[in-house]
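Residues per chain, in single letters:
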Amino acid sequence: MSSNKGVETPPMFEEFIKEAMQRVKKTYPFDKIERKWQKYWIKKRFFKVDIKDFRNKYYCLVMFPYPSAGLHVGHGRNYIIGDVVARYKMMRGFNVLTPMGWDAFGLPAENAAIKDKTHPKKHTFNNIKTMKSQLKEWGACYDWSREVTSCQPDYYKWTQWIFLKLFEKGLAYRKKAFVNWCPSCNTTLANEQVIQGRCERCDTPVTQKDLEQWFFKITDYAERLLSDIDKLRNWPERVKIMQKNWIGKSLGVNIHFPVVGSDKVLTCFTTRVDTIFGATYMVLAAEHPLLEEFIKDVKNRDEILEFVEEVRNESKIKRSQLDVEKKGIFTGRYVINPVNNKKIPLWVANYVLMEYGTGAIMAVPAHDQRDFEFAKKYRLPIKVVIVPVLEFETFHLWKRTASLTRAHEDDGIMVNSGQFNGLSNRKAVRRIADFMQKNGIGHRTIQYKLRDWLISRQRYWGAPIPILYCNRCGIVPVPEKSLPVLLPTAVKAKPRGESPLKDSKKFVNATCPKCKGKAGREIDTMDTFVDSSWYFLRYISSRLNNKPFEKEDVDRWLPVDQYIGGVEHAILHLLYSRFITKVLFDSDFISFDEPFMNLFTQGMIIKNGAKMSKSKGNVVSPDELIKSYGADTVRLYTLFIGPPEKDAEWSDRGAEGAYRFLGRVWRLVERITQSLRAPTKSERSNLNKIASSPEFILSESEGAPRNDSLRRKTHQTIKKVTDDLEKGFHFNTAISAVMELVNEMYIAIEKKEITHDILREAIKIVVALLSPFVPHIAEELWQRLGGTPSILKENWPSFDKNLILDETVTIPVQINGKLRSKIEVTPGIDKEGLKEKVLSDEKTQNYLKNLTVKRWIIIPNKLVNIVAANK
RNA sequence: GCCGAAGUGGCGGAACUGGCAGACGCGGCGGCCUCAAAAGCCGUUGAUCGCAAGAUCAUGAGGGUUCGACUCCCUCCUUCGGCACCA
């Protein structure tokens, strides 16, 4: 059947070849095995937890996913790590809770639904179905009986309940303010959702809008959220630092400046009171509430207002650009510097923010670069009040001021500052603050960068805010018994800058629970980060109808023992969850005030140097890989790719390597199990070509010398893998340790230097150590080795302390720090013995021939270094 | 600009409190098996010099501490992440 010229191979045939190739390439029947054991785990309910049995509890939590169209191998990393931890802890005897759910409200589903002209709910549930089967295919196991879905009324009822609790405590409030607005998503955004002036979701530059909105008063918790970071011993340092920076605490002084010709006083915040004598003007933010009053009699009022309007309209991104030119205008007013009663001009400028401090600053151009640039531009006076220590005696101040090319922001000695002259500026900070407090000029205060959490969203797919507006009673919370406030289904979701819920008359028109009169419902929905800020509590009591959770159970199971997720949530989700936990703690709904004691953030998996994304076309789908290599291979490679906290580049070749290794383990077990019985005739004739014939092992297992080195290696591997898992998430090195052991087993068999009992011990341990990583093949091999399923019920292997030390150690011998020889000694050898050994070493003697030994550095069991000089 | 992390073979990465740099894997090269391939197995693989024994150089760059530095200290460069006119 030679191929004829010009005749193309029929596609059917190609398929056939491809399939045949697959079959040949397959080194073990992973597909059957994986299906078998996935069914088995579900049937036996290994992951189902009785919440009342909290002895030895271990709450292993993976950040619940947003239901998107499908998962790629990068997402998989998160679930695989979680699954490894859960399985390992089970083998260590813990009662492991590992739940899963869906962060199911949110914009992408809504946008996709608008595009497809379907309902976001349909979209969401389709995605959940897909992702759920993907998780199962990965072999990631959860207690599905606790599944939560945040867009379901039985869940968001309690999200609304949490809103009411915050409202009762005055922690949920409504105010009119300039808020972040994404013109593309047509909704407001929390401060945390603005990334470098752009929308976190769609990257559109964020603008400011003056709106009446709901906020959570997270700023009341700023101090506790900051100081309790110290409790989080096992959080990545970088996440803690990010949170600290986000909260942004500064100690300083509020100084009061009387306004000339007015009874008003302007207060400004500064961390540098030491520079107060150098304040040569004062600046207000364009949004400052007193500004209009101050300028009402000024000649160029219209000009100033025009400027203010211009600044207000600038987008946040434009205003935050570093190189944006500083602009300002004199208000015609003056204020009095309270420390020296000097009159200084009052300006308004684009470089002062209303959101931070008081929206007014004292400008010290000599010691603040921003003020310096502004003063140079508008020819405002620059007055030096701090000079570098070295220049204090020698430098003439007038000269220095004139020659100043940039602000002197560093420490130094006080000058031109009245009674404080000659002090170090650090000391002056304290002295001047004391002086101000005593004289009522100012007072010490603390500022945070953290802003209150804006939670209103003008979008459809979210939990309705449970609030009513009554003409008579004003703002009225929906009574608890009337929850949930159901999200109406028959609403066109299309965003237009106002919540689409407005269209549903049935939804909007309500009765006031207080006066029974007519009332309108709040039409905005809640930020989805509210949904995810408490889901870890709901898992404990996910089917409870009359309460969000059972306090007794939650108190027993939380804080979460291990939380695993992406670092992209370092601020948003993790900060909000900590906040809500503290609020619930303060109201005695729970007895702990930090939700997650141990946090692990895994790195991204990238492809071709970039984050996987559909638009870049570099997404690696697990489905294909699982089909050709099996889930265990995908799991093993994902864990082996590198340290899990770091980003890693995906390589298909690397995945093949993982597959080869599993094949090697598979064949190793085959050899060992086959060697247990005499081969049948047909086996004999089939196998006699192959080196691994059963006779091979049988014959050498009788008279072979006991090979302790493999036993040692086996026990050392147990120690290494256990340490790697206990001390951190060092999956990559744990796996390579097992690979080493497997390699040694092959070598031992090849050299016929092994007895069967040692080999059997080793292979059982290999399978057990691998089982958290590659559970399907491990279960199968365990069974084939005569173990009773499931391996999850086995104890994690323990090692024999006597076996982890090598029989002999190789000690490197250095001369002047350079490796010159190696000697074999017994481990416990003392210094003198070691020295003797080294001196009798031929190679070393050679090197020492022309040298005089000056010093011996002997580190027992480690190395010998001889310090020597030429004769 | 500030804060943080990281720079090690062709590649992903090892190296516990300062003690044999390059474990393990990928890729490459050579071989075995085979009619041939696939799969598998064995060997080899940092660079330079050398027939070889071996020598020299190598952990971003440059200094320093030390008997000894990937590891500690100083200066600098590069990459990534966070914050950013925060007073």
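Higher on the page you've got the structure.
Residues numbered from 1 in each chain as written. Chains lettered and ligands numbered in written order. Predicted model: local features only at pLDDT ≥ 70, side-chain atom pairs only at ≥ 80, totals over all residues. Heavy atoms only, no water.

(A) Main features of the pairing of strand β24 (residues 518–521). Relative to β24, strand β21 (residues 467–470) runs antiparallel, the two sharing three bridges. By the bridge assignment, Leu-468 is partnered in β24 with Arg-521. The pairing of strand β23 (residues 509–511) with β24 spans three bridges and is classified as antiparallel. Considered in β24, the bridge of Asn-509 is made with Gly-520. (Pairing = 2+ DSSP bridges. Helix = DSSP H or I, 4+ residues; strand = E, 2+ residues; numbered from the N terminus.)

(B) Here's a closer look at the sheet that holds strand β13 (residues 328–337). Ordered in space as β13-β14-β12-β15, the four strands form an open sheet in which the pairing is mixed. Of all the strands in the sheet, just β13 and β15 (360–363) have a single pairing partner and so form its edges. Neighbour to neighbour, the strand axes of the sheet diverge by 30° on average, direction disregarded. Strand direction decides the pairing type here: β13 and strand β14 (residues 342–349), joined by seven bridges, are antiparallel. (Axes fitted to C-alpha atoms, helices over the stretch in contact; angles between N-to-C directions.)

(C) Here's a closer look at helix α3 (residues 73–91). For α3, which comprises 19 residues, the first-to-last C-alpha distance of 26 Å matches the rise-based estimate of 27 Å (1.5 Å per residue) to within 8%. The element α3 is largely enclosed, with a buried count of 18 among its 19 residues. A positive backbone phi angle near 90° is found at Gly-93, which sits one or two residues after α3. (Expected span 1.5 Å × (residues − 1). Buried < 20%, exposed > 50% of the residue type's maximum accessible area, 1.4 Å probe, protein only.)

(D) Up close: the protein's contact with RNA strand B. Taken together, 54 residues sit near RNA strand B, with Val-324, Arg-370, Lys-822, Tyr-847 and Asn-865 positioned nearest. Across the atoms of RNA strand B situated within 4 Å of the protein, the share located in sugar and phosphate is 62%. Within the backbone of Tyr-351, an N or O atom sits 2.8 Å from a sugar or linking oxygen of RNA strand B. Of the residues forming the surface near RNA strand B, the biggest block, six residues, is contributed by helix α26 (residues 731–750). (Near = heavy atom within 4 Å. Polar contact = N/O pair within 3.5 Å; in protein donor to acceptor, adjacent residues only side chain to side chain.)

(E) The nonpolar core, seen in detail. Core analysis: the largest hydrophobic core is formed by 185 residues, its most contacted members being Tyr-59, Phe-163, Trp-453, Leu-558, Phe-579, Trp-650 and Met-745. Sequence-distant contacts of Leu-558, defined by excluding residues within four places in its chain, comprise Lys-57, Tyr-59, Phe-536, Leu-537, Ile-540, Phe-592 and Pro-595. Counting 41 residues, the second largest nonpolar core, distinct from the first, contains Ile-255, Leu-284, Ile-329 and Val-385. (Core = buried A, V, L, I, M, F, W, Y, C linked by side-chain atoms within 4.5 Å. Contact = heavy atoms within 4.5 Å.)

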